[in-house]
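# Residue-level structure breakdown
Below are the chains, spelled out letter by letter.
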Amino acid sequence: MSVNLNALKQYKSVDLRATAETASPHKLIAMLFDGALGSLAKAKGAIERKNISERTAHLNKASEIVVGLRGSLDLEKGGDVAANLEALYDYMIRAIMQANRNNDLDKVQEVMDLLLEVRAGWLGMPEDIKQGKPASAPA
């Protein structure tokens, strides 16, 4: 049974790598949102089970992903939107650390809610912007 489980994990790993290698920059950011949300959900489960080491591992992973999201911002081209996202990501990182320190389910949920909001905006972008084309002028 463990051989099949290991094979499944390897398959998922290869599938994720293949997806990442062929994904657009827009899709890669969406994958980061999904990864952070998945880690936060796992951290919530670990908090409920009182599993400190698992909670810490998942919150650390979520924090690393949010740091990556913050690092992907182009503050020069992004203007106020990028600056506001940078501040929001900084807040999320601090909130994750606080959730880890205090074993705080509500703080984890708060970060999840914020990420879901940003993710929805990201996924709702017009297709031309998703593909890196300049936005068309209004008619």
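That block above? That's the structure.
Fair warning: this is a prediction, and the values are worked out from it, not measured in the lab.

A word on the pattern of salt bridges. Counted according to the given criterion, the structure contains four salt bridges. Among the ionic pairs, aspartate 90 bridges to arginine 70, the shortest N-O distance being 2.4 Å. On the criterion of sequence distance, the pair formed by aspartate 90 in helix H4 (residues 75-102) and arginine 70 in helix H3 (residues 52-71) is long-range, its members being 20 residues apart.

This next bit is on the nonpolar core. Grouped together as the largest cluster of nonpolar side chains are 24 residues, with contacts concentrated most on Leu40, Tyr89 and Leu115. Elements with a contribution of two residues or more to this core: helix H2 (25-48), H3, H4 and helix H5 (105-123). Among the elements that take part in this core, H2 stands out by supplying seven residues, more than any other. In this structure, leucine 40 is in contact with Leu59, Ala62, Ile96, Val108, Val111, Met112 and Leu115, ignoring residues within four places of it in sequence.

Right, let's get into the packing of H2 against H3. Helix-helix packing is described using two parameters, namely the angle between the two axes and the distance between the axes. For the pair H2 and H3, interaxial distance at closest approach is 8 Å and the crossing angle is 160°. Taken together, the axes of H2 and H3 lie roughly antiparallel to each other. Considering the relative orientation of H2 and H3, their crossing is left-handed. Only Glu54, Arg55, His58, Leu59, Lys61, Ala62, Ile65 and Leu69 of H3 make contact with H2, whose side of the interface consists of Ile29, Leu32, Phe33, Gly35, Ala36, Ser39, Leu40, Lys42, Ala43, Ala46 and Ile47. The residue inventory of the contact of H2 with H3, partitioned by class, reads 12 nonpolar, three polar and four charged.

Take H4 next. The periodicity of an α-helix, 3.6 residues per turn, causes residues three or four places apart in sequence to face the same way. Spanning 28 residues, H4 covers only 32 Å between terminal C-alpha atoms, well under the ideal 40 Å at 1.5 Å per step. Valine 81 marks where H4 bends most, by close to 75°. Here H4 has its buried residues at Ala82, Tyr89, Met92, Ile93, Ala95, Ile96, Ala99 and Asn100. Those residues of H4 that are buried are in contact with H2, H3 and H5. Asparagine 103 sits one or two positions beyond H4 and adopts a positive phi of about 55°.

Conventions adopted
Residues numbered from 1 in each chain as written. Predicted model: local features only at pLDDT ≥ 70, side-chain atom pairs only at ≥ 80, totals over all residues. Heavy atoms only, no water. Salt bridge = Lys/Arg side-chain N within 4 Å of Asp/Glu carboxyl O. Helix = DSSP H or I, 4+ residues; strand = E, 2+ residues; numbered from the N terminus. Core = buried A, V, L, I, M, F, W, Y, C linked by side-chain atoms within 4.5 Å. Buried < 20%, exposed > 50% of the residue type's maximum accessible area, 1.4 Å probe, protein only. Contact = heavy atoms within 4.5 Å. Axes fitted to C-alpha atoms, helices over the stretch in contact; angles between N-to-C directions. Parallel < 35°, antiparallel > 145°, perpendicular 65-115°, else oblique. Left-handed = near helix turned anticlockwise from the far one by under 90°. Nonpolar A, V, L, I, M, F, W, Y, C, P; charged D, E, K, R; others polar. Expected span 1.5 Å × (residues − 1). Bend = angle between axes of the 7 residues up to and from the residue.

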